[in-house]
Amino acid sequence: MAGPEKVDVVMVKRVVKLMNSRGIKVVVNAPARGALALDAEGAAFFLQDEELFWCDFFGTTIEQYRSWYSFEYVERGLCRGVNKKGKRCRKTGISYGKDKGPGKFIVGVSDRCSHHLEKK
Ligand SMILES: [Zn+2]
(Lines give C-alpha, C1' and ligand atoms only; values in the text may rest on other atoms or scores of the structure.)
Protein backbone atom coordinates (compact mmCIF):
# COMPACT_ATOMS: atom_id res chain seq x y z
CA MET A 1 0.00 0.00 0.00
CA ALA A 2 1.30 3.43 -0.90
CA GLY A 3 2.02 5.97 1.82
CA PRO A 4 0.23 9.28 2.16
CA GLU A 5 0.54 11.38 -0.94
CA LYS A 6 2.18 14.76 -0.71
CA VAL A 7 -0.24 17.45 -1.82
CA ASP A 8 1.06 19.76 -4.51
CA VAL A 9 -0.65 23.00 -3.45
CA VAL A 10 0.28 24.84 -6.65
CA MET A 11 -1.16 22.02 -8.75
CA VAL A 12 -4.36 21.89 -6.67
CA LYS A 13 -4.85 25.66 -7.05
CA ARG A 14 -4.28 25.34 -10.79
CA VAL A 15 -6.87 22.54 -11.08
CA VAL A 16 -9.41 24.45 -8.96
CA LYS A 17 -8.96 27.56 -11.12
CA LEU A 18 -9.37 25.55 -14.33
CA MET A 19 -12.46 23.73 -13.06
CA ASN A 20 -14.10 26.98 -11.94
CA SER A 21 -13.30 28.82 -15.17
CA ARG A 22 -14.79 26.02 -17.26
CA GLY A 23 -17.71 25.29 -14.95
CA ILE A 24 -16.58 21.70 -14.38
CA LYS A 25 -18.31 19.84 -11.56
CA VAL A 26 -17.56 16.51 -9.92
CA VAL A 27 -20.51 14.26 -9.14
CA VAL A 28 -20.43 12.13 -6.00
CA ASN A 29 -23.01 9.74 -4.59
CA ALA A 30 -24.41 11.24 -1.39
CA PRO A 31 -25.68 8.67 1.11
CA ALA A 32 -29.50 8.93 1.29
CA ARG A 33 -29.51 11.67 -1.35
CA GLY A 34 -28.03 10.32 -4.57
CA ALA A 35 -26.06 12.32 -7.12
CA LEU A 36 -24.55 15.52 -5.84
CA ALA A 37 -22.57 17.91 -8.08
CA LEU A 38 -19.59 19.57 -6.41
CA ASP A 39 -17.65 22.56 -7.61
CA ALA A 40 -13.86 22.53 -7.32
CA GLU A 41 -13.79 23.73 -3.70
CA GLY A 42 -16.42 21.17 -2.71
CA ALA A 43 -14.50 18.40 -4.45
CA ALA A 44 -11.30 19.45 -2.68
CA PHE A 45 -13.07 19.35 0.71
CA PHE A 46 -14.59 15.96 -0.16
CA LEU A 47 -11.23 14.49 -1.13
CA GLN A 48 -9.56 15.88 1.98
CA ASP A 49 -11.99 14.26 4.46
CA GLU A 50 -15.05 12.51 3.09
CA GLU A 51 -16.64 11.85 6.49
CA LEU A 52 -16.22 15.45 7.62
CA PHE A 53 -17.66 16.55 4.29
CA TRP A 54 -20.86 14.55 4.87
CA CYS A 55 -21.16 15.82 8.45
CA ASP A 56 -21.01 19.37 7.12
CA PHE A 57 -23.47 18.49 4.33
CA PHE A 58 -26.03 16.96 6.72
CA GLY A 59 -25.30 19.30 9.64
CA THR A 60 -24.46 16.49 12.05
CA THR A 61 -21.70 15.58 14.47
CA ILE A 62 -19.24 12.90 13.44
CA GLU A 63 -20.70 10.51 16.08
CA GLN A 64 -24.27 10.99 14.79
CA TYR A 65 -23.21 10.53 11.19
CA ARG A 66 -21.15 7.40 11.93
CA SER A 67 -23.93 5.83 14.01
CA TRP A 68 -26.56 6.51 11.33
CA TYR A 69 -24.30 5.36 8.50
CA SER A 70 -23.37 2.15 10.29
CA PHE A 71 -27.00 1.41 11.19
CA GLU A 72 -28.32 1.96 7.67
CA TYR A 73 -25.47 0.71 5.49
CA VAL A 74 -23.48 -1.80 7.57
CA GLU A 75 -25.99 -3.25 10.04
CA ARG A 76 -28.81 -3.00 7.47
CA GLY A 77 -31.34 -1.47 9.84
CA LEU A 78 -31.52 -4.30 12.39
CA CYS A 79 -32.60 -3.39 15.94
CA ARG A 80 -29.63 -2.59 18.20
CA GLY A 81 -31.57 -3.47 21.35
CA VAL A 82 -30.34 -6.25 23.62
CA ASN A 83 -32.69 -9.01 24.80
CA LYS A 84 -32.87 -10.62 28.26
CA LYS A 85 -30.25 -13.20 27.28
CA GLY A 86 -27.83 -10.38 26.49
CA LYS A 87 -28.03 -10.96 22.75
CA ARG A 88 -28.66 -8.35 20.15
CA CYS A 89 -32.34 -8.21 19.09
CA ARG A 90 -31.65 -7.76 15.34
CA LYS A 91 -35.35 -7.45 14.52
CA THR A 92 -35.85 -6.50 10.89
CA GLY A 93 -38.18 -3.98 9.34
CA ILE A 94 -37.50 -1.13 11.76
CA SER A 95 -35.34 0.88 9.38
CA TYR A 96 -35.26 4.53 10.30
CA GLY A 97 -35.23 5.31 6.60
CA LYS A 98 -32.18 6.05 4.55
CA ASP A 99 -34.03 8.84 2.77
CA LYS A 100 -34.26 10.83 6.01
CA GLY A 101 -30.49 11.14 6.29
CA PRO A 102 -28.66 11.34 9.62
CA GLY A 103 -30.02 14.71 10.78
CA LYS A 104 -32.76 13.40 13.07
CA PHE A 105 -31.26 9.99 13.82
CA ILE A 106 -31.38 9.36 17.57
CA VAL A 107 -29.31 6.51 19.02
CA GLY A 108 -31.52 4.33 21.22
CA VAL A 109 -34.69 5.45 19.43
CA SER A 110 -34.21 5.48 15.66
CA ASP A 111 -32.24 2.22 15.80
CA ARG A 112 -34.67 0.24 17.96
CA CYS A 113 -37.82 -1.82 17.51
CA SER A 114 -40.81 -0.76 19.60
CA HIS A 115 -39.87 -3.35 22.24
CA HIS A 116 -36.36 -1.92 22.74
CA LEU A 117 -36.97 1.82 22.57
CA GLU A 118 -34.90 3.67 25.14
CA LYS A 119 -36.69 6.35 27.09
CA LYS A 120 -34.99 9.68 26.42
ZN1 LIG B 1 -35.50 -4.92 19.26
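Residues numbered from 1 in each chain as written. Predicted model: local features only at pLDDT ≥ 70, side-chain atom pairs only at ≥ 80, totals over all residues.

**Some details on the domain arrangement of the protein**
Step number 1: When its domains are assigned, the protein resolves into domain 1 (1–48) and domain 2 (59–120).
Step number 2: Placing the centre of domain 1 and that of domain 2 at their C-alpha centroids yields a distance of 32 Å. (Domains from an automatic or database assignment.)

**Points about the packing of helix 1 (residues 9–22) against helix 2 (residues 40–48)**
The relative placement of two packed helices comes down to the angle between their axes together with the axis-to-axis distance.
Step number 1: The geometry of helix 1 relative to helix 2 is characterised by a closest axis approach of 9 Å and an angle of 140° between their N-to-C directions. As far as their axial angle goes, helix 2 and helix 1 are oblique. When helix 1 is examined against helix 2, the residues Val12, Val15, Val16, Met19 and Asn20 are found in contact with a partner set consisting of Ala40, Glu41 and Ala44.
Step number 2: Tallied by class, residues from the contact of helix 1 with helix 2 come to six nonpolar, one polar and one charged. (Axes fitted to C-alpha atoms, helices over the stretch in contact; angles between N-to-C directions. Helix = DSSP H or I, 4+ residues; strand = E, 2+ residues; numbered from the N terminus. Parallel < 35°, antiparallel > 145°, perpendicular 65-115°, else oblique. Contact = placed C-beta atoms within 7 Å. Nonpolar A, V, L, I, M, F, W, Y, C, P; charged D, E, K, R; others polar.)

**Some details on the environment of Phe58**
Step number 1: Checked against the element boundaries, Phe58 lands in helix 3 (residues 50–58).
Step number 2: Using a count of 19 C-beta atoms within 10 Å as the deciding quantity, one classes Phe58 as partly exposed.
Step number 3: For the pair Phe58 and Gly103, spaced 45 residues apart in sequence, the C-alpha separation works out to 6.1 Å.
Step number 4: When sequence neighbours within four positions are dropped, the list of residues in contact with Phe58 reads Tyr65, Gly101, Pro102 and Gly103. (Buried ≥ 20, exposed ≤ 12 C-beta atoms within 10 Å, placed from the backbone.)

**What to know about the pairing of strand 1 (residues 26–30)**
Step number 1: Across five bridges, the pairing between strand 1 and strand 2 (residues 34–38) is antiparallel. Directly across from Asn29, in strand 2, lies its bridge partner Ala35. (Pairing = 2+ DSSP bridges.)

**Overview of the nonpolar core**
Step number 1: In this structure, Trp54, Tyr65, Trp68, Phe71 and Phe105 together form the largest nonpolar core, which totals five residues.
Step number 2: If near-sequence neighbours (up to four positions away) are discounted, Phe71 is found in contact with Gly77, Tyr96 and Asp111. (Core = buried A, V, L, I, M, F, W, Y, C linked by C-beta atoms within 7 Å.)

**Quick look at unusual backbone geometry**
Step number 1: Its identity as a non-glycine residue notwithstanding, Ala32 has a phi of 70°, on the positive side.
Step number 2: Relative to the elements of secondary structure, Ala32 occurs in the loop between strand 1 and strand 2.
Step number 3: In this model, Arg90 sits at a positive phi of 65°, which is unusual for a non-glycine residue.
Step number 4: Given 14 C-beta atoms within 10 Å, Arg90 falls into the partly exposed group.

**Overview of helix 4 (residues 62–74)**
Step number 1: Taken residue by residue, helix 4 has Tyr65, Ser67, Trp68, Phe71 and Glu72 as its buried positions. Angularly, the buried residues of helix 4 cover 165° about the axis, an arc narrow enough to put them on a single face. In helix 4, the exposed positions that point more than 90 degrees away from the buried face belong to Ile62, Glu63, Ser70, Tyr73 and Val74.
Step number 2: After helix 4 finishes, the residue Arg76 shows a positive phi value of roughly 60°. (Arc of directions from axis to C-beta.)

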